[in-house]
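Take a look at the letters that make up each chain.
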Amino acid sequence: MNRNSRTLIVVVIAVATAGLASFGVYRAVKSMPVREVEVAHTFVVAATHALPAGARVTDADVKLVAWPSSAKLPGAFEKLEQVVNRGVVSALLENEPLSETKLAPLEAGAGLPPTIPTGMRAISVRVNEVVGVAGFVTPGTRVDVLVTLKQQDQTSVTRVVVGNVTVLTAGTSYAQDKSKPAEAMPSSVVTLLLAPSDAERVVLASNDGQIMLSLRNPMDVEPTTTPGSKTATLFGEPFLVPPPAPTPAIDKSVRVAPRPVRVVAPPPVVVPPAPVRYSVEAIRGAKRSEETLQ
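Residues numbered from 1 in each chain as written. Predicted model: local features only at pLDDT ≥ 70, side-chain atom pairs only at ≥ 80, totals over all residues. Heavy atoms only, no water.

(A) Expanded view of the overall build of the chain. On a plain count of helices and strands, the chain comes out with two helices and ten strands. Looking at the chain as a whole, 23% of its 294 residues qualify as buried. Long-range pairs, those at least 24 residues apart, make up 61% of the contacts in the chain between residues at least 6 apart in sequence. Put simply, the chain shows about 22,300 Å² of open surface, and 60% of that area lies on carbon and sulfur atoms. (Helix = DSSP H or I, 4+ residues; strand = E, 2+ residues; numbered from the N terminus. Buried < 20%, exposed > 50% of the residue type's maximum accessible area, 1.4 Å probe, protein only. Contact = heavy atoms within 4.5 Å. Areas by Shrake-Rupley, 256 points an atom, 1.4 Å probe, with all protein chains shown as cover.)

(B) Representation of the side chain of aspartate 61 within the structure. With respect to the helices and strands, aspartate 61 occurs in the loop between strand 1 (41–47) and strand 2 (62–68). One buried charged residue, aspartate 61, remains without a salt bridge, the closest side chain of opposite sign being arginine 56 at 9.1 Å. A polar atom in the side chain of aspartate 61 sits 2.8 Å from the side chain of histidine 49. Not counting residues within four places of it along the chain, the set of residues in contact with aspartate 61 comprises Ala46, Ala47, Thr48, His49, Leu51 and Arg56. (Lys, Arg positive; Asp, Glu negative; His and termini not counted. Salt bridge = Lys/Arg side-chain N within 4 Å of Asp/Glu carboxyl O. Polar contact = N/O pair within 3.5 Å; in protein donor to acceptor, adjacent residues only side chain to side chain.)

(C) Main features of helix 2 (residues 196–208). When the terminal C-alpha atoms of helix 2 are compared, their 19 Å separation across 13 residues agrees well with the 18 Å that a helix rising 1.5 Å per residue should span. Looking at helix 2, one finds that the buried residues are Ala199, Val202 and Ala205. The buried residues of helix 2 all sit within an arc of 130° when viewed along its axis, so they share a single face. Facing away from the buried surface of helix 2 by more than 90 degrees, the exposed residues are Glu200, Leu204, Asn207 and Asp208. In this structure, the buried side of helix 2 is in contact with strand 3 (121–126), strand 4 (142–150), strand 5 (156–170), strand 6 (189–194) and strand 7 (210–216). (Expected span 1.5 Å × (residues − 1). Arc of directions from axis to C-beta.)

(D) Representation of the environment of leucine 103 in the model. By the secondary structure assignment, leucine 103 is in the loop between strand 2 and strand 3. Counting along the chain gives twelve residues from leucine 103 to threonine 115, while the straight-line C-alpha distance between them is 8.9 Å. Not counting the four nearest positions on each side in its chain, leucine 103 is found in contact with Val57, Phe77, Val83, Arg86, Gly87, Val88, Val89 and Leu98.

(E) A nonpolar patch on the surface, seen in detail. Taken together, the side chains of Val25, Val29 and Met32 make up a nonpolar region of the molecular surface, amounting to roughly 290 Å² of accessible area. The exposure class assigned to methionine 32 is partly exposed, which follows from its relative accessible area of 49%. (Patch = residues over 30% accessible without salt bridge, like charges linked within 9 Å, V, L, I, M, F, W, Y side chains within 5 Å.)

(F) Fine view of unusual backbone geometry. Even without being glycine, asparagine 85 reaches a positive phi, approximately 70°. Tracing the backbone through its elements, the reader meets asparagine 85 in the loop between strand 2 and strand 3. For asparagine 85, a relative accessible area of 44% gives the class partly exposed. The backbone of asparagine 164 shows a phi angle near 55°, a positive value even though the residue is not glycine. Secondary-structure assignment places asparagine 164 in strand 5. Exposure remark for asparagine 164: the relative accessible area of 22% places this residue in the partly exposed category.

(G) Just the layout of surface pockets, in detail. Quantified by volume, the second largest pocket comes out at close to 270 Å³. Along the walls of the second largest pocket sit 14 residues, with Val147, Arg159, Val160, Val161 and Arg201 positioned nearest its centre. Where the lining of the second largest pocket is concerned, the elements lending two or more residues are strand 4, strand 5 and helix 2. In terms of residues, the lining of the second largest pocket owes the most to one element, strand 5, which gives seven residues. (1 Å grid on protein atoms, 1.4 Å probe; cavity = no way out; pocket = protein on both sides within 12 Å on 5 of 7 lines; lining within 4 Å. Points joined across faces, edges and corners; volume = space filled by probe spheres on them.)

(H) Representation of the pattern of salt bridges in the model. Within the structure shown, the criterion is met by four salt bridges. With a shortest N-O distance of 3.5 Å, lysine 102 and glutamate 96 are connected by a salt bridge. The same class applies to lysine 102 as to glutamate 96, namely buried. Counted as one network, the salt bridges with shared partners bring together Asp144, Arg216 and Asp220.

(I) How the structure looks around the nonpolar core. Core analysis: the biggest nonpolar cluster contains 20 residues, and Val125, Val143, Val162, Val190, Leu192, Leu194 and Leu213 have the highest contact counts within it. Of all the secondary-structure elements, those providing two or more residues to this core are strand 3, strand 4, strand 5, strand 6, helix 2 and strand 7. For this core, the element with the most residues is strand 5, which contributes four residues. The residues touching leucine 192, leaving out its near neighbours within four places in the chain, are Arg121, Ala122, Ile123, Val125, Val143, Val145, Val165, Thr166, Val167 and Leu168. Counting residues in each nonpolar core, the second largest holds eleven residues, with Ala47, Val83, Leu92 and Leu103 among its members. (Core = buried A, V, L, I, M, F, W, Y, C linked by side-chain atoms within 4.5 Å.)

In structure tokens, the structure reads:
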């Protein structure tokens, strides 16, 4: 047997041994019993399927699921009797635990009224395909309400009445299926969630002018502050400024006494004193002369 044959036999034996060892370890691990660690838990009420806002909870809509005791859910319910016949304020997903913030009070009933927060009002406005942004004003979206009015000088002005308003319903639907892509929902009436003061402004605007809804990004929460637009600004012209008031005419027949002119005397001229002269007699040899110094 040559050297190459011996090397090949050694390699084959090594591979076979490794394979048998691996198979033995696999069988040993597979035959080990599963060790379950018991985790302390409690039971909370969860939805058996998706529930839209305004729905009334029944026995078939909820179930009890295990929940870790180390991560307690604030406001969760532990008994089914605590949630049955209560209205859903916010839409629920399948297997989502129910809490006090998701349900209306027991005697509040179901439908749209329990979904209105305390201190707010729901008001409906008439819309069409243009006012309703081609039907994309659906429940849960946020809009700005604009109004166009005519002033006394017959010029039109458009301005935002209220901004960042939540749409409660579109027509008779107050639930939106979030599992599907957003689709247009044509309707003739939409219901807005407003503060009482804003509701008064919207009603006044709809009676005195033409309102329009402007759809906005739900992540954009900055208030809409604009000075409004007038007809004169459509072509870049400034706002019309009223002409100045005419000056009253002066009656020339009435003579007005001229005001006395005050003459101011010029300051006195100061004459400097004459310079003082001194006479000095100078003797140079046999000559004598007199010189004057100033």
